[in-house]
Amino acid sequence: MPTGSPLYRRLGCRLRSPSSLRLASSARNRGIFFLRCFCSSNPVPRMNYLKYERNPTKYWEDFYKRHHDKFFKDRHYLEKDWGRFFCSSSDSEHKSVEPKMVLEVGCGVGNTLLPLLASFPNVFVHACDFSPHAVALVKENGAFASDRLNTFVCDVTKDELSKTILPSSVDIVTMIFMLSAVSPMNMPAVLQNVRTIIKPNGYVLFRDYAFGDFAQVKLANKGQMISENFFVRGDGTCAFYFSEDKLSDLFERNGFRTLDMNVYCKEIVNRSQNVVMDRRWVRATFCCVEQPD
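Residues numbered from 1 in each chain as written. Predicted model: local features only at pLDDT ≥ 70, side-chain atom pairs only at ≥ 80, totals over all residues. Heavy atoms only, no water.

### Considering the nonpolar core
- One finds V173, M175, L179, F206 and F251 to be the most contacted residues of the largest nonpolar core, which totals 41 residues.
- With near-sequence residues (within four places) excluded, L179 lies in contact with M187, V190, F206, D208, F242, L250 and F251.
- Counting residues in hydrophobic clusters, the runner-up holds 20 residues, among them V102, F120, V123 and I172. (Core = buried A, V, L, I, M, F, W, Y, C linked by side-chain atoms within 4.5 Å. Buried < 20%, exposed > 50% of the residue type's maximum accessible area, 1.4 Å probe, protein only. Contact = heavy atoms within 4.5 Å.)

Following this line, the structure appears as structure tokens:
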């Protein structure tokens, strides 16, 4: 981060001690260091940003109307990362005796579910999104498999999934860059909603933005923080950036057990602008804890 940036100048008084200077000297750690200082020094959200937190559907609906299905790339990494969850371990052809029931929460225009259906013929996918336009684009897609896919509009922060999906019937729930779009105050409601339709000991496969991501540093430097680690982008859509501790605590407080969790980093260099971007995301697997009778 340039030393002349507004965020650097605001935090200059916090970099006086030698230990602080050593921490900030690492290019990879510098963004995380500034974010910790920034978030701790800005506890009060800007009131004019609250409209984005209260009405996310409007801004994501506008997003999909503007970009259609051209913005996100298809996510083919599910087979590599979690293939064992979708097929029997003894069958390399991805066929199992019983079809797996999957729920894709926040399906968007199908960048996760369509590759999933193509790779695993033994799955049936329920898929929902709170953007009616996004759901319509999935149904218009030529790869739409109507006999293996149930797509519907649903705001999982308040609409009951059990009204569309049988309770305790889903083997796997995928949450791929979805929960970050939800206000932190509504995240527990999402997980409690998911618990109503997932089987005991069913799995949640999670991938989302991690604390310290380049985009978070950029938004913080622009002063676009709504609350701690929760930011609004220029188009009105929001993004939360997860630390491992807070993500694990969130799930475990709402009836899930953490099976594995890792933060991944990828350094991307934009040579034309002489910018190094440290992209960070967290990948995790959770298991639904069976409630005692």
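On we go from here.
### Here we look at the pairing of strand β4 (residues 170-176)
- Counting buried residues along β4, seven of its seven residues qualify, which places the element largely inside the surrounding structure.
- Relative to β4, strand β1 (residues 100-105) runs parallel, the two being bridged by three bridges. When the bridges of β4 are listed, E104 appears paired with T174.
- The pairing of β4 with strand β5 (residues 198-209) spans six bridges and is parallel. Within the sheet, the bridge partner assigned to V173 lies in β5 and is V204.
- Handedness of the crossover is the feature at issue here: the chain leaves β4, passes through helix α9 (residues 187-195), returns alongside β5, and the resulting connection is right-handed. (Helix = DSSP H or I, 4+ residues; strand = E, 2+ residues; numbered from the N terminus. Pairing = 2+ DSSP bridges. Right-handed = clockwise from strand over helix to strand, strands pointing away.)

### A short note on the sheet that holds β5
- Taken together, seven strands build an open sheet; the order of strands is β3-β2-β1-β4-β5-β10-β9 and the sheet is mixed. Strands at the two margins of the open sheet, each flanked by one partner only, are β3 (149-153) and β9 (256-270). With direction set aside, neighbouring strand axes in the sheet form an average angle of 15 degrees. (Axes fitted to C-alpha atoms, helices over the stretch in contact; angles between N-to-C directions.)

### Comments concerning the pattern of salt bridges
- Evaluation of the coordinates by the stated rule reveals six salt bridges.
- D81 is the partner of R207 in a salt bridge, and the nearest nitrogen-oxygen pair spans 3.2 Å. Here D81 lies in helix α6 (residues 77-86) and R207 lies in strand β5, a separation of 126 residues in the sequence. For the pair R207 and D81, a shared accessibility class is recorded, and that class is buried.
- Linking D249 and R253 is a salt bridge whose minimum nitrogen-to-oxygen distance equals 2.8 Å.
- Each of D81, R207 and R283 takes part in salt bridges that share partners, so that together they form one network. (Salt bridge = Lys/Arg side-chain N within 4 Å of Asp/Glu carboxyl O.)

### Overview of the environment of A239
- Structurally, the position occupied by A239 is in strand β8 (residues 238-240).
- Classification of A239 as buried rests on a relative accessible area of 0%.
- Sequence-wise, A239 and A181 are 58 residues apart; in three dimensions their C-alpha atoms are separated by 5.0 Å.
- Among all residues touching A239, those that are not within four sequence positions of it are S180, N229, F230, F231 and R233.

### Concerning helix α10 (residues 214-221)
- All of the buried residues along α10 are Q216, V217, L219 and A220. Projected onto a plane normal to the axis of α10, the buried residues spread over an arc of 165 degrees and lie on a single side.
- Where α10 begins, the capping side chain belongs to D213, and its oxygen is found 3.1 Å from the backbone nitrogen of A215.
- Note on α10: the residue one or two positions beyond its end, G223, has a positive phi of about 75 degrees. (Arc of directions from axis to C-beta. Polar contact = N/O pair within 3.5 Å; in protein donor to acceptor, adjacent residues only side chain to side chain.)

### A few points about the packing of aromatic side chains
- Evaluation of the coordinates by the stated rule reveals 13 aromatic pairs.
- Look at F85 and Y203: their rings are 4.8 Å apart centre to centre, the planes differ by 65 degrees, and that puts the pair in the edge-to-face class. Pair noted here: F85 is in helix α6 and Y203 is in strand β5, with a separation of 118 residues, a long-range link.
- Between Y209 and Y241, the ring centres sit 5.6 Å apart and the planes meet at 45 degrees, which makes this aromatic pair tilted. Highlighted residues: Y209 in strand β5 and Y241 in the loop between β8 and α11 (244-252), separated in sequence by 32 residues. Each member of the pair, Y209 together with Y241, is buried.
- Through pairs of rings, three or more aromatic residues link up here, namely F206, F230, F240, F242, F251, F256 and F286. (Phe/Tyr/Trp six-rings, centres within 6.5 Å; stacked < 30°, edge-to-face > 60°.)

### Quick look at the confidence of the model for the chain
- Looking at the chain as a whole, the pLDDT averages 79, with 73% of positions reaching at least 70.
- In this model, residues 1-28 is a region of pLDDT below 50 whose contacts with residues beyond four sequence positions or in other chains number 44 contacts. (pLDDT = per-residue confidence, 0-100.)

### What about α6?
- Here α6 has its buried residues at L78, D81, W82, G83, F85 and F86.
- Elements that come into contact with the buried residues of α6 comprise β1, α7 (113-119), β2 (123-129), β4, β5 and β10 (275-288).

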